[in-house]
Amino acid sequence: MIIGGDVNLANQMLSRARRASFYSGRLPDKPLRSLSELAQIPLTTKADLREHSPYGFLAVPKHEVAAYHESFGTTGKPVSIWLAEDDLLDTADEINTCGVNLSVADTVLIRYPYAISQVAHTFHLAARLRGACVIPASSRSTISPFPRIVNMMRYLDVTVLAALPLQAILLARCAELMGLSPARDFPGLRAICSAGEPLSPQRRKLIQEIWNAPVFDNYGMTEIGAAALDCLYGRLHPVLSDFVFELLEEDRETPVRPGNIGYLVVSTLKRRATPLVRYWTGDRARLVPELCPCGAQYRLEVRGRQEDCLQVAGHLFDLWDLEAMIQHVPGKGLWVVGPLEPFGLHFVVESREFGQDTKSQEALTILGGQDRVPIQISLVPPGTFFDPQALLDIGEVGKPRYIYSTEELDAKAYTKSLRL
Ligand SMILES: [Zn+2]
């Protein structure tokens, strides 16, 4: 199936894309007569982006570029994405279609990584355009360790936390270790904005319960921007004005039947600096025709990447399937899963119901799921997957230090531990 945009916008996109060296000769010479003709154009893959970075996809003169970002894959070589000023503004507008409805009354703490990747910056701009106060509190930075962020959320009365789902869970864990209740001790927190990882219904529920605040999801990536946002009712809707969405079978040709899971292909109708025509995102997804009270006609389920699925005896289990299998485990927190020999799935689940003094001893085997696959669930105490002390660690100081006391110098001068 193919939805979104219209043929005029698609033709404008093709005109812009022809200016990029990668697309010269790959696109039809004549304008499309209907949106369905888009399907005759070859796909653009991440391997194409990687191979032709940094300049092969640049479609505007360098002086029109306002920002540069990279996304990383497993192979190491980065992918280059250039953005013009209007690309930044469009992406911020896409983010502001979200039902979280940021306003001047909000203090938004942004915990996405600011270094190199895009979402922190465009979310930041979106919040500023709505007049909100922004606290840039990057993850993966030594200057903003977990306890500092937990404290800031309290004394600055943060109303919206924007973070990857795992970050939201780890911040809550850190708050608990500091003797706080995430559900009760942050009364100003009215919403959590999620991005960067697929958000299954179970994980959404977990975060909502931990923080006692609704979660609003944002599906996108550095390559394309914000392509789907949660509405006021917590349903993820594709931004049909800015993108064309297709779902294909694994053969990368056959359109999936409506309502079935396929691989998501996205065309960026508005992007100027790095337009992408039929970008194979690698994400498995389902477009559900479903009229929402907000007026949207489609809901998008992002089920995760193919490499994040587990294949057992010919069955492919994605994040949503796996979460559903362990949804009834009491006190469930973080979990991991692997194959159970000779056939089945073995989950290791952090559970608050589990005594601190026992570790991984109690296991139960059940036969569950529609596919009748044997499942073993081993419960382990909270804190098994992440060292609590590491969460509380204040990390390295952010500023270089040149002035030491005599005692400090005596103690450190002849060791390698002197840290500037
Ligand atoms: Zn809706």
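Residues numbered from 1 in each chain as written. Predicted model: local features only at pLDDT ≥ 70, side-chain atom pairs only at ≥ 80, totals over all residues.

Novice: Would you mind going over the nonpolar core with me for this structure?
Specialist: In summary, soluble globular proteins display a tendency toward joint burial of nonpolar side chains. Of all hydrophobic cores here, the largest spans 106 residues; its most connected members are Leu161, Ala162 and Ile192. A total of six residues in this core trace back to one element, the largest contributor, which is helix α6 (residues 165–177). Counting residues domain by domain, this core receives three or more from each of domain 1 (2–306) and domain 2 (310–386). What Ala162 contacts, discounting residues up to four positions off in sequence, is Val108, Leu109, Ile110, Arg111, Tyr112, Phe123 and Cys193. (Core = buried A, V, L, I, M, F, W, Y, C linked by C-beta atoms within 7 Å. Buried ≥ 20, exposed ≤ 12 C-beta atoms within 10 Å, placed from the backbone. Helix = DSSP H or I, 4+ residues; strand = E, 2+ residues; numbered from the N terminus. Domains from an automatic or database assignment. Contact = placed C-beta atoms within 7 Å.)

Novice: Explain the sheet that holds strand β6 (residues 160–163) to me, please; I cannot follow it from the model alone.
Specialist: Whether parallel or antiparallel, the strands of a sheet pair through hydrogen bonds between backbone atoms. Taken in spatial order, the seven strands make up an open sheet running β5-β4-β6-β7-β8-β9-β10, and their pairing is mixed. The open sheet has two edge strands with one neighbour each: β5 (133–136) and β10 (236–238). When strand polarity is set aside, the average angle formed by the axes of neighbouring strands in this sheet is 25°. With three bridges joining them, strand β9 (residues 225–230) and β10 adopt antiparallel strand pairing. Opposite Ala228, over in β10, you have Pro238 as the bridge partner. Those strands touched by α6 are β6 and β7 (191–195), and its axis lies near 125° from that of β6. (Pairing = 2+ DSSP bridges. Axes fitted to C-alpha atoms, helices over the stretch in contact; angles between N-to-C directions.)

Novice: Whenever I open this one, the sheet that holds strand β14 (residues 298–305) confuses me. Can you help?
Specialist: Taking strand neighbours across the sheet as the criterion, the five strands line up as β1-β11-β12-β13-β14 in an open arrangement whose pairing is antiparallel. Unpaired on one side and paired on the other, β1 (2–3) and β14 mark the two borders of the sheet. Relative to strand β11 (residues 243–248), β1 runs antiparallel, the two being bridged by two bridges. If you follow Ile3 over to β11, its bridge partner there is Phe245.

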